Amino acid sequence: MTDNIVIIHHQELDYRTNEAYKTLRTNIQFCGDDIKVISITSCTPNEGKSSISFNLLASFVDIRKKVLLIDADLRKSVFKGRYKVENAEYGLTHYLSGQNKLDDIIYHTNIFNLDMIFCGSYTPNPVELLSHERFTNMINKLREEYDYIIVDTPPIGSVIDSAIVAKSVDGVIMVIESNTISYRFAQYVKEQLEKTNCRILGVVMNKVPMDKNKYNGKYYGKYYGKYYGTYGEKKQK
Ligand SMILES: Nc1ncnc2c1ncn2[C@@H]1O[C@H](COP(=O)(O)OP(=O)(O)OP(=O)(O)O)[C@@H](O)[C@H]1O
Ligand SMILES: [Mg+2]
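Here is what the cut-offs are and how they apply
Residues numbered from 1 in each chain as written. Chains lettered and ligands numbered in written order. Predicted model: local features only at pLDDT ≥ 70, side-chain atom pairs only at ≥ 80, totals over all residues. Heavy atoms only, no water. Helix = DSSP H or I, 4+ residues; strand = E, 2+ residues; numbered from the N terminus. Buried < 20%, exposed > 50% of the residue type's maximum accessible area, 1.4 Å probe, protein only. Contact = heavy atoms within 4.5 Å. Axes fitted to C-alpha atoms, helices over the stretch in contact; angles between N-to-C directions. Parallel < 35°, antiparallel > 145°, perpendicular 65-115°, else oblique. Nonpolar A, V, L, I, M, F, W, Y, C, P; charged D, E, K, R; others polar. Expected span 1.5 Å × (residues − 1). Arc of directions from axis to C-beta. Polar contact = N/O pair within 3.5 Å; in protein donor to acceptor, adjacent residues only side chain to side chain. Core = buried A, V, L, I, M, F, W, Y, C linked by side-chain atoms within 4.5 Å. Pairing = 2+ DSSP bridges.

Caption draft 1: Highlighting the overall build of the chain. Helix and strand content of the chain: nine helices and nine strands. Here the chain, with 237 residues, has 54% of them falling under the buried criterion. In the chain, 78% of the contacts between residues at least 6 apart in sequence involve partners at least 24 apart.

Caption draft 2: Structural context of the packing of helix 1 (residues 15-29) against helix 2 (residues 49-62). Where helix 1 contacts helix 2, the two axes come as close as 9 Å, and the packing angle between them is 75°. Classified by the interaxial angle, the pair formed by helix 1 and helix 2 is roughly perpendicular. Of the residues in helix 2, those touching helix 1 at Tyr 21, Lys 22, Leu 24, Arg 25, Ile 28 and Gln 29 are Ser 51, Ile 52, Asn 55, Leu 56, Ser 59, Phe 60 and Asp 62. Here the contact of helix 1 with helix 2 is composed, by residue class, of six nonpolar, four polar and three charged.

Caption draft 3: A look at the environment of Lys 101. Structurally, Lys 101 is set in the loop between helix 4 (92-96) and helix 5 (102-105). We classify Lys 101 as exposed; its relative accessible area is 56%. As a C-alpha pair, Lys 101 and Tyr 90 span eleven residues in sequence and 9.8 Å in three-dimensional space.

Caption draft 4: Layout of helix 9 (residues 183-194). Counted at 1.5 Å a residue, the expected span for helix 9 with its twelve residues is 16 Å, and the 16 Å between its end C-alpha atoms agrees. For helix 9, the full list of buried residues reads Ala 186, Gln 187, Val 189, Lys 190 and Leu 193. Along the long axis of helix 9, the arc covered by the buried residues comes to 165°, so they all point the same way. In this structure, the buried residues of helix 9 make contact with strand 2 (37-42), helix 8 (161-166), strand 7 (171-177) and strand 8 (200-206).

Caption draft 5: Inspection of the environment of Cys 198 at higher detail. Turning to its location among the elements, Cys 198 is positioned in the loop between helix 9 and strand 8. On a C-alpha basis, the gap between Cys 198 and Ser 168 in space is 8.4 Å, while along the polypeptide they are 30 residues apart. Discounting chain neighbours no more than four positions away, the residues touching Cys 198 are Ala 166, Val 169, Asp 170, Gly 171, Val 172 and Leu 193.

Caption draft 6: Quick look at the side chain of Asp 170. Inspection of the secondary structure puts Asp 170 in the loop between helix 8 and strand 7. Relative accessible area serves as the criterion here: at 17%, Asp 170 is assigned to the buried category. Only 2.8 Å separates the side chain of Asp 170 from the backbone nitrogen of Lys 36, close enough to count as a polar contact. When sequence neighbours within four positions are dropped, the list of residues in contact with Asp 170 reads Asp 34, Ile 35, Lys 36, Val 37, Arg 143, Cys 198 and Arg 199.

Caption draft 7: Structural context of unusual backbone geometry. If you check the backbone angles, Lys 84 has positive phi at about 50° while not being a glycine. If you trace the backbone, Lys 84 turns up in the loop between helix 3 (79-82) and helix 4. Non-glycine residue Asn 197 carries a positive phi angle of around 60°. Here Asn 197 shows up in the loop between helix 9 and strand 8. Classification of Asn 197 by relative accessible area gives exposed; the value is 72%.

Caption draft 8: Representation of the nonpolar core within the structure. One finds Ile 70, Leu 92, Met 138, Leu 142 and Val 151 to be the most contacted residues of the largest nonpolar core, which totals 41 residues. Residues within four places of Met 138 in sequence aside, it is in contact with Ile 70, Leu 92, Tyr 95, Leu 102 and Ile 117. Counting 32 residues, the second largest nonpolar core, distinct from the first, contains Ile 5, Ile 28, Val 85 and Leu 114.

Caption draft 9: The pairing of strand 6 (residues 148-152), seen in detail. Of all five residues making up strand 6, five are buried, and the element is well covered by its neighbours. In this structure, strand 2 lies alongside strand 6, joined through four bridges in parallel fashion. Counterpart to Val 37 in the pairing with strand 6 is Ile 149. The sheet contact formed by strand 3 (residues 67-71) and strand 6 spans five bridges and is parallel. The residue bridging Leu 68 from the neighbouring strand is Ile 149, located in strand 6.

Following this line, the structure appears as structure tokens:
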């Protein structure tokens, strides 16, 4: 295990948003104790995968779960910049390319029980690296050490990286930004995921604009999400 890193995370989630993450967390727990390693994808860029990956794990930390965030978006990583992380030299690409040991890329953070694996240096071959057996071996080893592991991935509607990752995880969560994705496109993406034989745990509807009258005219809990039990079926909270 390498040095501790400091995550600067100023964003306090409001009450309703926290409640939404608690609901998502609880629904994941009710998927069964065999569901420990979850990847997060979407149809298109910018729908909220990385934000939800981090906040969901922070919510698991609140109930004393030991968690790991793996940044497997080898094409466009945001975590180091977003959380102002310094001195995390090695990452997933270093391990998958055989340059570093697994221990070199796992960082403890200043958030107790939350460890992170960053994506590492840029690689021209993300698909080849993610397809390497080292990725599956890593997941199988780490699932013994953590209660929950979230793997942040690129949008599956854009590149196949997420479909490759899906083969090594217990389930996939799709993030859909409200009012932006057509039903047909979401269906197409769902079929892509189903081809990996990975379990689709559900859909998180993100960036839901809330009705002005009801919620004081602003996004209800800027990071509010709704959780769909099984695809297309909405669960009442
Ligand atoms: N519920 C929300 N309400 C408002 N803004 C949000 C919400 N969720 C995410 N955002 C904002 O949307 C932008 C994209 O979020 P994020 O980086 O999490 O998306 P992403 O799906 O990981 O993007 P990419 O496909 O580029 O990896 C960020 O600026 C983030 O702060
Ligand atoms: Mg992202």
